[in-house]
Amino acid sequence: MENAAPIEGAAPTDGTDLADGTDLAAAAAAPSGPVWRFLVAPRWLGWHLLMVVSFWGMLWLGDWQLHRALSGNALSWAYTFEWPLFAGFAVVFWAKTIRDEFRLKRGETLGASSEDAESLPFGVGMVRARAAQSATPADDEDPELSAYNAYLTRLNAEVKNHGRWHGLR
Amino acid sequence: MAGGTDCDKRSFDDQEMKVVETAVLRYRVMAYITGVVLVFLCFVGIPLQIAGHPAIANNVGVVHGILYIIYLVFAWILSRKLQLANKPTVIMLLAGTVPIMTFIVERWITRRFISPALAGQAKAAEPVSRSAR
């Protein structure tokens, strides 16, 4: 990840000035803290609780439908399989959300390996691919210009990710 | 050299744009179908069920269940493509279970997230390519 080095070095102080108050920007301002910290923030604890409650709630509803189906309600068979499926969706969606959040935060503070960029949500991968492109000395003759380009790319990514794309947080 | 990279970037963006547009289209189609079926279930099926004819409510209920599973998958994929936060994602996923709500949420998601994302994507490449020229 040598390509990303100029990005980090280009504007280490300006990045914090531009932070717009989200927890993601706070993580970028304090790169010494472990990335997983966001998982125990009050808001995320609320989400964890919601997910646990809804997971067991949906399994309970599936169990209830199973008992109804066994006591002769043929229609309940469909819902007997549907509720556990929804519970499974909840687990998969939740796991992927947390994985994406880790990648977003790591992308801001650490950068990632190139094979990681393939499977990222496209916004992040695109920004990183472009950053790597413009930071390569072979593409631009002037290293100062390429560093500036990388800096612009990073600003762009921040504006795009926090201002408009992330929405309510 | 700069011209070459510009071309690469543009085609890359176009490709990603198509991915988002496909996800948006799938979500919209499923939001509409699921919404219509749910409205039919609640405002035709349920009154008939109360009046003593449960067949429509039973069958349409199962159909809505299956459609909602597909809706969930497409709405989730769109949420990942747009990198939505948890709250709008959960609202979008649950909208398929509340009558009329799919239509309201679809319009809200379009105005608040889809349009800015598609507009912002075109602009995203500008500062870099402009200074590289």
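Counting restarts for each chain, with residues numbered from 1 along the sequence as it is written. To read the labels, note that chains go from A and ligands from 1, taken in the order they are written. With the structure being a predicted model, the display of local features is reserved for residues of pLDDT at least 70 and the display and counting of side-chain atom pairs for 80 or more, all residues being used for whole-chain, interface and lining totals.

Asker: Sorry, what's going on with the overall build of chain A here?
Answerer: Looking only at helices and strands, chain A features eight helices and zero strands. Shown N-terminal to C-terminal, the secondary structure of chain A runs as helices and strands in the order α-α-α-α-α-α-α-α. Any residue with 12 or fewer other C-beta atoms within 10 Å of its own C-beta is exposed, any with 20 or more is buried, and the rest are partly exposed; the C-beta atoms used are placed from the backbone. Taking all 169 residues of chain A together, 27% fall into the buried category. By the criteria applied, helices consist of DSSP H or I runs no shorter than four residues and strands consist of E runs no shorter than two, each listed in order from the N terminus.

Asker: Sorry, what's going on with the overall build of chain B here?
Answerer: Along its length, chain B carries five helices and zero strands. In chain B, the order of α-helices and β-strands from amino to carboxyl end is α-α-α-α-α. Pairs at least 24 apart in sequence give 66% of the contacts found in chain B among residues at least 6 apart. Contact between two residues is assigned whenever their backbone-derived C-beta positions fall within 7 Å.

Asker: Sorry, what's going on with the nonpolar core here?
Answerer: One recurring pattern in soluble globular proteins is that nonpolar side chains are buried together. The term nonpolar core refers to a group of buried residues, namely Ala, Val, Leu, Ile, Met, Phe, Trp, Tyr and Cys, whose C-beta atoms join them within 7 Å. Among the nonpolar cores identified, the biggest contains 26 residues, and Tyr27(B) and Ala75(B) are the most heavily contacted of them. Of all the elements in the fold, those that place two or more residues in this core are α5 (76-109) of chain A together with α1 (2-50), α2 (55-81), α3 (86-94) and α4 (101-124) of chain B. No other element matches α2(B), which puts six residues into this core. Residues contacting Tyr27(B), with those up to four places away along its chain left out, are Phe74(B), Ala75(B) and Leu78(B). Listed in part, the five residues of the second largest apolar core include Val37(B), Leu38(B), Ala57(B) and Val60(B).

Asker: Quick question: what am I supposed to make of the packing of α2(B) against α3(B) here?
Answerer: Helix packing for two helices is described by the angle between their axes and how far apart those axes are. Residue and element names in this part refer to chain B. Here the axes come from fitting lines to C-alpha atoms, over the contacting stretch only for helices, and the angles between their N-to-C directions go from 0 to 180 degrees. Interhelical geometry of α2 versus α3 gives an angle of 160° and a closest axis separation of 9 Å. Relative to α3, α2 is oriented roughly antiparallel. Judged by the twist between their axes, the crossing of α2 over α3 is right-handed. Across the interface between the two elements, Leu-72, Ala-75, Trp-76 and Ser-79 of α2 pack against Thr-89, Met-92 and Leu-93 of α3. Residue composition of the contact of α2 with α3, by class: five nonpolar, two polar and no charged. Angles are sorted into four bins: roughly parallel if under 35 degrees, roughly antiparallel if over 145, roughly perpendicular if 65 to 115, and oblique for all others. It is the rotation of the near helix from the far one that decides the hand of a crossing: anticlockwise by less than a right angle makes it left-handed, clockwise makes it right-handed. Nonpolar residues are Ala, Val, Leu, Ile, Met, Phe, Trp, Tyr, Cys and Pro. Charged residues are Asp, Glu, Lys and Arg, and all others, Gly as well, are polar.

Asker: Would you explain the environment of Val20(B) in this entry?
Answerer: Residues and elements named next belong to chain B. Residue position: Val-20 is located in helix α1. Placed 60 residues apart in sequence, Val-20 and Arg-80 show a C-alpha to C-alpha distance of 9.9 Å. Not counting residues within four places of it along the chain, the set of residues in contact with Val-20 comprises Lys-81, Ala-117 and Leu-118.

Asker: How should I be thinking about unusual backbone geometry in this particular structure?
Answerer: Most of the time, phi is negative for any residue but glycine, and the peptide bond is trans. Residues and elements named next belong to chain B. Unlike most non-glycine residues, Gln-83 shows phi in positive territory, near 55°. Topologically, Gln-83 is positioned in the loop between α2 and α3. Of the residues examined, Gln-83 has 22 C-beta atoms within 10 Å and is grouped as buried.

Asker: Where do I start with the confidence of the model for chain B in this structure?
Answerer: Low-pLDDT portions of the prediction should not be read for the details of their coordinates. Residue and element names in this part refer to chain B. Averaged over all residues, the pLDDT of chain B is 83; the fraction at 70 or higher stands at 81%. Low confidence marks residues 1-12, where pLDDT is under 50. Its contacts with residues over four positions away, or in another chain, come to 10 contacts. pLDDT measures how confident the predictor is about each residue, on a scale from 0 to 100. Confidence over residues 125-133 falls short of pLDDT 50; this stretch has 20 contacts with residues more than four positions distant or in other chains. Interface scoring of the predicted complex returns ipTM 0.76; its pTM is 0.64.

Asker: Is there a simple way to think about α2(B) in this case?
Answerer: Residues separated by three or four positions in an α-helix point in the same direction, a consequence of the helix having 3.6 residues per turn. Every helix has an expected span of 1.5 Å times one less than the residues it contains. End to end, α2(B) covers 39 Å across 27 residues, agreeing with the expected 39 Å (1.5 Å per residue, within 8%). Inspection of α2(B) places Ala57(B), Val60(B), His64(B), Tyr68(B), Tyr71(B), Leu72(B), Ala75(B), Trp76(B), Leu78(B), Ser79(B) and Lys81(B) among the buried residues, and these make up the whole buried set.

Asker: Help me understand the environment of Trp76(B), please; the structure alone is not making it clear to me.
Answerer: Along the polypeptide, Trp76(B) turns up in helix α2. According to the C-beta neighbour criterion, Trp76(B) is buried, with 21 such atoms within 10 Å. Residues Trp76(B) and Thr89(B) lie 13 residues apart in sequence; the distance between their C-alpha atoms is 7.3 Å. What Trp76(B) contacts, discounting residues up to four positions off in sequence, is Phe93(A) and Leu93(B).

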